[in-house]
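Observations on the three-dimensional arrangement
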Amino acid sequence: MEKYVIKGGKTLSGEVVISGAKNAVAAILPCTILSDEPCIIENIPNISDVTITLQIMSEMGAKIRMLNKTTVEIDTRPLQNIPVPYEKAKLMRASSYFLGTLLGRFHSAHVSMPGGCNLGDRPIDQHLKCFSALGAEYEINGGMVNLHADKLIGSQIFFDKNTVGATINGIMAAVKADGLTIIENAAKEPHVVDLANCLNSMGADILGAGTDVIKIRGVKYLHGTTYSVIPDQIEAGTFMAVAAAARSNILIRNVIPKHLEPITQKLVKIGVQVEQFDDAVRVIGGPEYVGTSVKTNPHPGFPTDMQPQMAAVLTCAKGASMVTESIFDNRFRYVDELRRMGANISVEGRVAVIEGVERLKGAPVKATDLRAGAALIVAALGAEGVTEIYDIFHVERGYENMEVKLRNLGADIQKVDEPDPTAEEKALKKAL
Ligand code: EPZ
């Protein structure tokens, strides 16, 4: 397995360019299955979730052609509606999007229950509620979700819970249904809006994405498009946390500052300086921070995907901080790893209380999931001494060339091969 070896304490400088958004491209690539013509998707990040998604689509018969490192041409006209297998689907949560898109095109779908980061209970009841409302029947058999609908009819859907995945799946299943679908209590994340904009560029009729109520009027035909994925809000936020932890001054380019507002506000509150430009932010960290409270919420609240990285910064803020995770049952698995670096954190249910320490110390730690790994990188860059981060395949699912981007900022980071891959990494390598 591979690990990062990071020597902390170096002052970083320069600039970093943010890649396309993982959670937007995770929906936009499969949504091309709904198109009746070839599509070109630009600004896609080079991450394993994208590789796996394109592999699944290719194995189903789609014609996939990389036009350059970040642009792919996809022709899904020859695609066959074959089952999406467990060994691929278990590697990422976004495999659930094949349910909505295949149902929307073929009126049936056979997809393994999704995988992804272990953040506690992650049911798909709201996805199934949405598909049923549109006229589909479902059964779960042997870990496979099987959907079938004689026809899809527009309907009114009220989500019991604010869910990104079910909102995205609902949009994709409804785009070619007969009549009007209204989704209420819809997720408002930037990647939901990006998907809707992409589908509308193909001739879909979606109104209200980014608000609580999304209206989708079914259309018969979707033409091709050339669509560029938005910059990754969470990658940008992660590099903002990097600048804060490393007490450094870095320019973060190719961002949408509005998407970063909840993160900017919290960093400024603890003592970080943030300058906003049209498509960039400059983050000036240090010299010291004051503790604060952070509560994750659906967009435009503080994003749950930035919770671990923010906690890593708060480990060295003066006084006490409180981090409340209101989206997932168990998104504190990284805390044990930060404790190995000297962090003083106590966790009670969905609340972590952090007592600031002077400085963390390098230690061998392991990434327990994607954003946990990002948090350990943030912590390691500000820590004294050397940190080894194992199981970095989690990180590479969602961050393109992380160690290259950090090295270009002056970080002392190496990616080193280790002999014995873990079972999880073996599975990922086999799938790739
Ligand atoms: C998406 O996951 C993201 N993943 C996650 O990012 C992100 O943390 C999450 O949205 C919230 O913003 C992708 O986009 C691929 P949810 P998703 O459905 O869709 C519960 C990362 O780090 N729920 O909004 O799975 C669920 O258990 C990853 O990039 C139900 O109860 O999240 C959770 O508590 C991690 N029933 C809450 O809703 C359902 O049917 C939010 O889940 C669906 C969800």
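Analysis parameters
Residues numbered from 1 in each chain as written. Predicted model: local features only at pLDDT ≥ 70, side-chain atom pairs only at ≥ 80, totals over all residues. Heavy atoms only, no water. Domains from an automatic or database assignment. Contact = heavy atoms within 4.5 Å. Buried area = accessible area lost by both parts, 1.4 Å probe. Phe/Tyr/Trp six-rings, centres within 6.5 Å; stacked < 30°, edge-to-face > 60°. Buried < 20%, exposed > 50% of the residue type's maximum accessible area, 1.4 Å probe, protein only. Helix = DSSP H or I, 4+ residues; strand = E, 2+ residues; numbered from the N terminus. Pairing = 2+ DSSP bridges. Axes fitted to C-alpha atoms, helices over the stretch in contact; angles between N-to-C directions. 1 Å grid on protein atoms, 1.4 Å probe; cavity = no way out; pocket = protein on both sides within 12 Å on 5 of 7 lines; lining within 4 Å. Points joined across faces, edges and corners; volume = space filled by probe spheres on them. Nonpolar A, V, L, I, M, F, W, Y, C, P; charged D, E, K, R; others polar. Near = heavy atom within 4 Å. Polar contact = N/O pair within 3.5 Å; in protein donor to acceptor, adjacent residues only side chain to side chain. Salt bridge = Lys/Arg side-chain N within 4 Å of Asp/Glu carboxyl O.

**A look at the domain arrangement of the protein**
One can read the domain layout of the protein as domain 1 (2-19 + 231-417) and domain 2 (22-228). Just the C-alpha atoms count here: the centres of domain 1 and domain 2 sit 30 Å apart. Contact with domain 1, which involves 23 residues of that partner, is made by 23 residues of domain 2. Summing both sides of the interface, domain 1 and domain 2 together bury roughly 1,900 Å²; the carbon and sulfur share of this comes to 51%.

**What to know about the packing of aromatic side chains**
Describing an aromatic ring pair means giving the distance of the ring centres and the angle of the ring planes. On inspection of all chains with the given rule, the structure shows 1 aromatic pair. With centroids separated by 6.2 Å and ring planes inclined at 50°, the aromatic side chains of F332 and Y334 adopt a geometry described as tilted. The two residues F332 and Y334 agree in class, both being buried.

**Brief notes about the side chain of T101**
Inspection of the secondary structure puts T101 in helix 4 (residues 97-106). Classification of T101 by relative accessible area gives buried; the value is 0%. Non-local contacts of T101, meaning those with residues more than four positions away in its chain, are made with P30, C31, I33, L34, N169 and M172.

**Section: the sheet that holds strand 20 (residues 351-355)**
Spatially, 17-18-20-19 is the arrangement adopted by the 4 strands of the open sheet, whose pairing is mixed. Each of the sheet's edge strands pairs with one partner strand only, and the pair in question is strand 17 (293-295) and strand 19 (344-348). With direction set aside, neighbouring strand axes in the sheet form an average angle of 15°. Relative to strand 20, strand 19 runs antiparallel, the two being bridged by 5 bridges. Bridge pairing links N344 to E355 in strand 20. The sheet contacts of helix 10 (residues 307-314) involve strand 17, strand 18 (320-324) and strand 20, and relative to strand 18 the element is tilted by about 170°.

**Let's talk about the layout of surface pockets**
Of the volumes computed, that of the largest pocket is approximately 1,000 Å³. Forming the walls of the largest pocket are 44 residues, and the residues nearest its centre are R122, V164, G165, I327 and F328. When residues of the lining of the largest pocket are traced back to their parent elements, those giving at least two are helix 1 (22-31), helix 5 (125-133), helix 6 (164-174), helix 7 (190-201), helix 8 (233-245) and helix 12 (370-382). The residue inventory of the lining of the largest pocket, partitioned by class, reads 15 nonpolar, 14 polar and 15 charged. For the lining of the largest pocket, the domains that each give at least three residues are domain 1 (2-19 + 231-417) and domain 2 (22-228).

**Considering the site of the ligand**
Close contacts around the ligand come from 23 residues, with D125, Q126, T163, D305 and I327 the closest. Contact distances for the ligand include 3.4 Å between an oxygen atom and a backbone N or O atom of P123. One of the side-chain nitrogen or oxygen atoms of D125 is found 2.7 Å away from a nitrogen atom of the ligand. Secondary-structure elements contributing two or more residues to the shell around the ligand are helix 1, helix 5, helix 6 and helix 12. In terms of residues, the shell around the ligand owes the most to one element, helix 5, which gives 3 residues.

**Points about the pattern of salt bridges**
Considering all chains together, one arrives at 20 salt bridges under this definition. Put simply, K3 and E388 hold a salt bridge, and the shortest N to O gap is 2.8 Å. Taken together, the residues K3 in strand 1 (residues 2-7) and E388 in strand 22 (residues 386-390) connect sequence positions 385 residues apart. Overall, the relative accessible area of 23% leaves E388 in the partly exposed class. One salt bridge connects E396 with K415, and the closest N-O pair in it is separated by 2.6 Å. Within this pair, whereas E396 is found in helix 13 (residues 393-398), its partner K415 is found in strand 23 (residues 412-417), the two being separated by 19 residues in sequence.

**Observations concerning helix 5**
Each full turn of the α-helix corresponds to 3.6 residues, which orients residues three or four apart in the same direction. Among the residues of helix 5, those classed as buried are Q126, H127, L128, C130 and F131. Looking at the buried positions of helix 5, the neighbouring elements they touch are helix 4, strand 7 (137-141), strand 8 (144-148), strand 9 (156-158) and helix 6. Immediately beyond the C-terminal end of helix 5, within one or two residues, lies G135, with a positive phi of roughly 110°.

**So, unusual backbone geometry**
The omega torsion across G286 and P287 is -5°, close enough to zero to call that bond cis. Summarising the element assignment, P287 is placed in the loop between strand 16 (280-284) and strand 17. Note that the residue after H299, namely P300, is joined by a cis bond; omega there is 10°. With respect to the secondary-structure elements, P300 resides in the loop between strand 17 and helix 10. With a phi angle near 65°, N254 is a residue other than glycine that sits in the positive phi range. Locating N254 in the fold gives a position in the loop between strand 14 (249-253) and helix 9 (257-270). N254 sits in the partly exposed class, given a relative accessible area of 28%.

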